[in-house]
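Residue strings, one per chain:
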Amino acid sequence: MAPGSKLDDRILIAGGGIGGLATALALAQKNIPSLVLEKAAQLGEIGAGIQLGPNAFHCFDRLGVGEPARQMAVYIDQLRLMDSMADGEICHIDLGEAFRKRYGNPYAVVHRGDLHGVLLKACRDHPLIELAVSSEVTGYQQEGRAVTARLASGESVTGAGLVGADGLWSNVRRQVVGDGAPRVSGHTTYRSVIPTERMPEDLRWNAATLWAGPKCHIVHYPLSGWKVFNLVVTYHNDAPEPVAGKPVPVEEVRRGFAHVCARAQNIIRHGKDWRMWVLCDRDPVDGWVDGRVALLGDAAHPMLPFFAQGAGQAIEDGAVLAGCLRGVSASEVPAALTRYESLRVQRATRVQRMSGERREHHHMDDGPDQVARDAELISQDPASVNEWLYGHDVERDL
Ligand SMILES: Cc1cc2nc3c(=O)[nH]c(=O)nc-3n(C[C@H](O)[C@H](O)[C@H](O)COP(=O)(O)OP(=O)(O)OC[C@H]3O[C@@H](n4cnc5c(N)ncnc54)[C@H](O)[C@@H]3O)c2cc1C
């Protein structure tokens, strides 16, 4: 038993993505040992950039990785919303000193690989965290004060609790909730990371920029100390099937953006090695817990990426879950997980719903609705509009 912990066994974590590793670190901060079971043969993250609000940075401090997380981030000056038809700015949120002071942390952008690397190094360095690869969790059974996770290899492992941080297609969720496959949204996202010198010079802004347009939007921002630019472009093409990370030619990407202004089209032309994802989500559910098994991150509340909060919410989940397990004995684990669920469901559901609503918000045709949207955005106080999200330090709830 680790000093300060009443748990005589470890917590099992299915999934070594951002949510799973953040949870292992948060547990370790409370002297709780864990075993991370990752399906892939290697721990890592493909893909490109990720935006992180101050709410994620509050949690990094709780996980003991505040400093390295801040060091790898690019501190952007603005969130900028552009009109992709008229080629003009609609509005922006300043993210400079006043914003950072207000929220106590930055809004920043990071390379997924860099973020995962920071979490992984901290996990590897921590004696209370064990990492296992090629370990797909296929299901679980509970008996007495323990839960046993079954692995695809035929082996099984036992712990005091099991966290399903196994993403959108979670096997653990299949048993906890049993609500079938995720919903295919019909939106296709294409991603590319290009050297900064390839980015059109007049668009090398220190901002996370979103060009909103009919049935489409384009996002770009600098990453990795300004060495590269992250391009993420999405259009609504009624894609019927889920796809993740498939390489596609630039011509396919350009097809959905022939109607936007030349400057916005030019961004796509400069992309390279495009990959596509057909986006999926689910409706929110209240029940993330079955006895000593709990869901977390995309396994619990998969959302469309239009609010840039999926990873942030997964990290928040990890911090709260660890806080709830602090100091509990094995027999108290189910009650602690129920408390975790009750502390997290409302907030994560709000973000999940808002992420879905942004689909319409970003993709309007020119016309009265778009004019009303722009007028509403311009009238808002940009500094306080997301106070409930960025200003909240989830551990204060505990
Ligand atoms: C285009 C796009 C842009 C995005 N942009 C942002 C953004 O800017 N900001 C933000 O906060 N979020 C963003 N997100 C969302 C974010 O990527 C996810 O919410 C986040 O990665 C979820 O983390 P997770 O650990 O819950 O799941 P995942 O990252 O999916 O990790 C799950 C892990 O579990 C493993 N696994 C799967 N099944 C099993 C199993 N049965 N047993 C063991 N291991 C298993 C997987 O291999 C993987 O390593 C974006 C998403 C997309 C698609």
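Please refer to the structure higher up on the page.
Residues numbered from 1 in each chain as written. Predicted model: local features only at pLDDT ≥ 70, side-chain atom pairs only at ≥ 80, totals over all residues. Heavy atoms only, no water.

**Structural notes on the overall build of the protein chain**
Across its full length, the protein chain carries twelve helices and 19 strands. For 398 residues, the compact-globule estimate of 2.2 N^0.38 gives 21 Å, and the protein chain sits close to it at 21 Å. Along the three orthogonal principal directions, the C-alpha set of the protein chain runs to about 65 × 45 × 40 Å. Taking all 398 residues of the protein chain together, 58% fall into the buried category. At a minimum sequence separation of 6, the contacts of the protein chain that also span at least 24 residues come to 75%. Per element, the accessible surface of the protein chain, about 16100 Å² overall, is 48% carbon and sulfur. Placing the 42 positive and 49 negative side-chain charges of the protein chain at their respective mean positions leaves the two points 3 Å apart. (Helix = DSSP H or I, 4+ residues; strand = E, 2+ residues; numbered from the N terminus. Rg over C-alpha atoms; globule rule 2.2 N^0.38 Å. Buried < 20%, exposed > 50% of the residue type's maximum accessible area, 1.4 Å probe, protein only. Contact = heavy atoms within 4.5 Å. Areas by Shrake-Rupley, 256 points an atom, 1.4 Å probe, with all protein chains shown as cover. Lys, Arg positive; Asp, Glu negative; His and termini not counted. Charge placed at Lys NZ, Arg CZ, Asp CG, Glu CD.)

**Some thoughts on the packing of helix H2 (residues 54-63) against helix H9 (residues 310-325)**
For the pair H2 and H9, the least separation of the axes is 9 Å and the interaxial angle reads 35°. Note that H2 runs across H9; the crossing there is left-handed. The residues of H9 that touch H2, namely those facing Asn55, Ala56, Cys59, Phe60 and Leu63, are Gly312, Gln313, Ile315, Glu316 and Ala319. Counted by class, the contact of H2 with H9 contains six nonpolar, three polar and one charged residues. (Axes fitted to C-alpha atoms, helices over the stretch in contact; angles between N-to-C directions. Left-handed = near helix turned anticlockwise from the far one by under 90°. Nonpolar A, V, L, I, M, F, W, Y, C, P; charged D, E, K, R; others polar.)

**Here's the deal with helix H5 (residues 112-125)**
For H5, spanning 14 residues, the distance from its first C-alpha to its last is 20 Å, which sits close to the expected 20 Å at 1.5 Å a residue. Listing the buried residues of H5 in full gives Arg112, Leu115, His116, Val118, Leu119, Leu120, Ala122 and Cys123. (Expected span 1.5 Å × (residues − 1).)

**Regarding unusual backbone geometry**
Residues other than glycine seldom take positive phi values, yet Ser224 does so here, at roughly 45°. With respect to the helices and strands, Ser224 occurs in the loop between strand E14 (216-223) and strand E15 (228-236). A residue is classified by how much of its surface remains accessible, and Ser224, at 18% relative accessible area, is buried. The backbone phi angle of Asp273 is positive, close to 50°, even though this residue is not glycine.

**Brief notes about the site of the ligand**
The full set close to the ligand counts 29 residues, and Gly19, Glu38, Gln51, Asp298 and Ala311 are the nearest of them. Between the ligand and the protein, one listed contact pairs a nitrogen atom with a backbone N or O atom of Lys39 at 3.1 Å. Backbone polar atom of Ala308 to a nitrogen atom of the ligand: 3.2 Å apart, as the coordinates give it. In isolation the ligand offers 1000 Å² of accessible surface; the protein chains occlude 85% of this area. For the shell around the ligand, the secondary-structure elements that each account for two or more residues are helix H1 (18-29), strand E3 (49-52), strand E12 (183-195) and H9. Broken down by element, the shell around the ligand gets its largest block of residues, three residues, from H9. Taken together, the residues of the shell around the ligand sort by class into eight nonpolar, 13 polar and eight charged. (Near = heavy atom within 4 Å. Polar contact = N/O pair within 3.5 Å; in protein donor to acceptor, adjacent residues only side chain to side chain.)

**Let's talk about the pairing of strand E2 (residues 34-37)**
Here E2 shows a buried face lined by Ser34 and Val36 and a second buried face lined by Leu35 and Leu37. Two strands pair when backbone bridges link them, and strand E1 (residues 11-14) and E2 are joined in this way by four bridges, in the parallel orientation. Note on E2: the bridge partner recorded for Ile13 is Val36. With H1 bridging E1 and the parallel E2, this β-α-β connection has right-handed handedness. Two elements, E2 and strand E7 (residues 129-132), share four bridges in a ladder whose sense is parallel. (Pairing = 2+ DSSP bridges. Right-handed = clockwise from strand over helix to strand, strands pointing away.)

**Quick notes on the layout of surface pockets**
Of the voids in this model, the second largest pocket is the one considered here, and its volume is about 160 Å³. Along the walls of the second largest pocket sit ten residues, with Arg191, Ser192, Val193, Asp273 and Arg275 positioned nearest its centre. Taken together, the elements giving at least two residues each to the lining of the second largest pocket come down to E12 and strand E17 (275-281). With three residues, E12 is the single largest residue contributor to the lining of the second largest pocket. The class makeup of the residues in the lining of the second largest pocket is four nonpolar, two polar and four charged. (1 Å grid on protein atoms, 1.4 Å probe; cavity = no way out; pocket = protein on both sides within 12 Å on 5 of 7 lines; lining within 4 Å. Points joined across faces, edges and corners; volume = space filled by probe spheres on them.)

**Considerations on the sheet that holds strand E19 (residues 293-295)**
Taken in spatial order, the six strands make up an open sheet running E7-E2-E1-E11-E19-E18, and their pairing is mixed. Of all strands in the sheet, those bounded by a partner on one side alone are E7 and strand E18 (289-290). The pairing of strand E11 (residues 161-164) with E19 spans three bridges and is classified as parallel. The partner of Gly164 across the bridge, within E19, is Leu295. In the packing of helix H10 (residues 333-362) onto the sheet, the strands contacted are E11, E18 and E19, and the crossing angle to E19 comes to about 15°.

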